[in-house]
Amino acid sequence: MTTHARTRLRRLRWRLTGLYAVGTAVCLVVLAGIASGIDAESRSSELDKDVDRTATALSRALYYDDGGFLHLEPLREDVLAAGSVPVAVLEWTAGGLVERFPGGGAVAPDAAAVAEGARGGETVLGDVRVGGQSRRLAAAGVWNGDRIGAVVVAYGDPAAGLRDHDVLVRWLIFGCAGLVLLAAAAGHLLSGRSMRPAVLALDQQEQFLAEAAHELRTPLATLQLVTESGLREPERATEALRRSARLTAELGRLVSGLLVRARLAAGTVTAEREPLRLDLLVEQILDGYEVDLVAEPCIVLGDPDLLGQAVRNLVDNAVRHGGGTPVSVTVAEGRTSVRDHGPGVAAADRERMFERTVAGEGGGTGIGLSIVRWVAELHGGSARLLAADGGGTVAELVLPVHTVS
């Protein structure tokens, strides 16, 4: 894959990761806001219920006698009065609103305003300031005949609920941040997986172009030389035309084979499997090569075009890297062996020879042998390089032998 294409895919992957993280963050912020609001509302409602319940219950415990005297004895005996919610009793007198319980203190203006609201007979809730601290107040009236003569007020402290709410908010913030990081990591992983088909397609496209250039370079160069030779020497034009026709047919087979390989790699078609004489196929492929052939009849199942390309690549590799030494080909029992008498290949480099590298780059040996291995594995066989006795290299294409029943 080209550097430009890799850069674009890398940027796209990070863009998808960012979008995934941002989308997750937005959803989490909304959910966290809803959760925080619900928690705050729940704590406020619970505090209101607590003070309302206390004030209402105590207001029903108090009573006026026939002489208009407010009896506080039930209040002193009630467990609610000694509970966690502070209470007070305010009574309207000729001199105004005074505190009767717990005793004699001045009534704050905001508490007096809430108490005035309770004179209608309903329990009233409000916010007041006590000692500089915010308190939630509930005021419930005590009936004196047909009017409200006093009120019981209960003070609730929202500080504890606010502290717990702040702890929840902090946990939500930290939790959302952690989940966003996890979502970003997951998004990066998923975006990478989702882009694998695109990366594979680009790799296959680049590989196809490299293979096409590799396969077509030699016959095109030969065709050009033959054509130029015929033009320079008119008396050899007929022979040049015949060779050009053979080369053109070979180019057609190569193009067809390349298209088949591309479709096989893409999964749009499957390789043909038909019984064929491997010895005859190799003999046909070697027409025009100056090599020695020893072949025994054997039958294999395979695609003739693909196997022909594999054999041709083995021979081309031996001719090119054999240093001009004689090349011999042996076919027997599904094994096609091509030997040269060149300098040989070090054992550590034999596997590297099958790597898919473009010829001429970094000392690579081209992609011819990689195609051989690909064809071999496609047919359930194998390909390898061995050291030849007496020097040189043996390249083998091994295929399962087909037994005719």
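On a predicted model such as this, the values are computed, not experimentally measured, just so you know.

**Points about the environment of Val-151**
Mapped onto the fold, Val-151 is located in strand 7 (residues 147-156). Expressed as a C-alpha distance, the spacing of Val-151 and Gly-121, which sit 30 residues apart in the sequence, is 9.7 Å. With residues near it in sequence (within four places) discarded, Val-151 still touches Ala-88, Val-89, Leu-90, Trp-92, Ala-115, Ala-118, Ala-140, Gly-141 and Val-142.

**Observations concerning unusual backbone geometry**
If a residue is not glycine, its phi is most likely negative; likewise, a peptide bond is most likely trans. Despite not being glycine, Glu-333 shows a phi value in the positive range, around 55°. Summarising the element assignment, Glu-333 is placed in the loop between strand 11 (328-332) and strand 12 (335-340). Judged by its relative accessible area of 66%, Glu-333 falls in the exposed class.

**Re the nonpolar core**
Counting residues in each nonpolar core, the largest one holds 32 residues, and the members touching the most others are Leu-278, Val-329 and Leu-397. Per-element accounting of this core gives the leading share, seven residues, to helix 7 (residues 304-321). Grouped together as the second largest cluster of nonpolar side chains are 18 residues, Val-51, Val-89, Phe-101 and Ala-154 included.

**Things to note about the side chain of Ser-191**
Along the chain, Ser-191 turns up in helix 4 (residues 159-232). Given the relative accessible area of 5%, Ser-191 is considered buried. The residues contacting Ser-191, other than those within four sequence positions of it, are Arg-13, Leu-16 and Thr-17.

Reading the values: the criteria
- Residues numbered from 1 in each chain as written.
- Predicted model: local features only at pLDDT ≥ 70, side-chain atom pairs only at ≥ 80, totals over all residues.
- Heavy atoms only, no water.
- Helix = DSSP H or I, 4+ residues; strand = E, 2+ residues; numbered from the N terminus.
- Contact = heavy atoms within 4.5 Å.
- Buried < 20%, exposed > 50% of the residue type's maximum accessible area, 1.4 Å probe, protein only.
- Core = buried A, V, L, I, M, F, W, Y, C linked by side-chain atoms within 4.5 Å.

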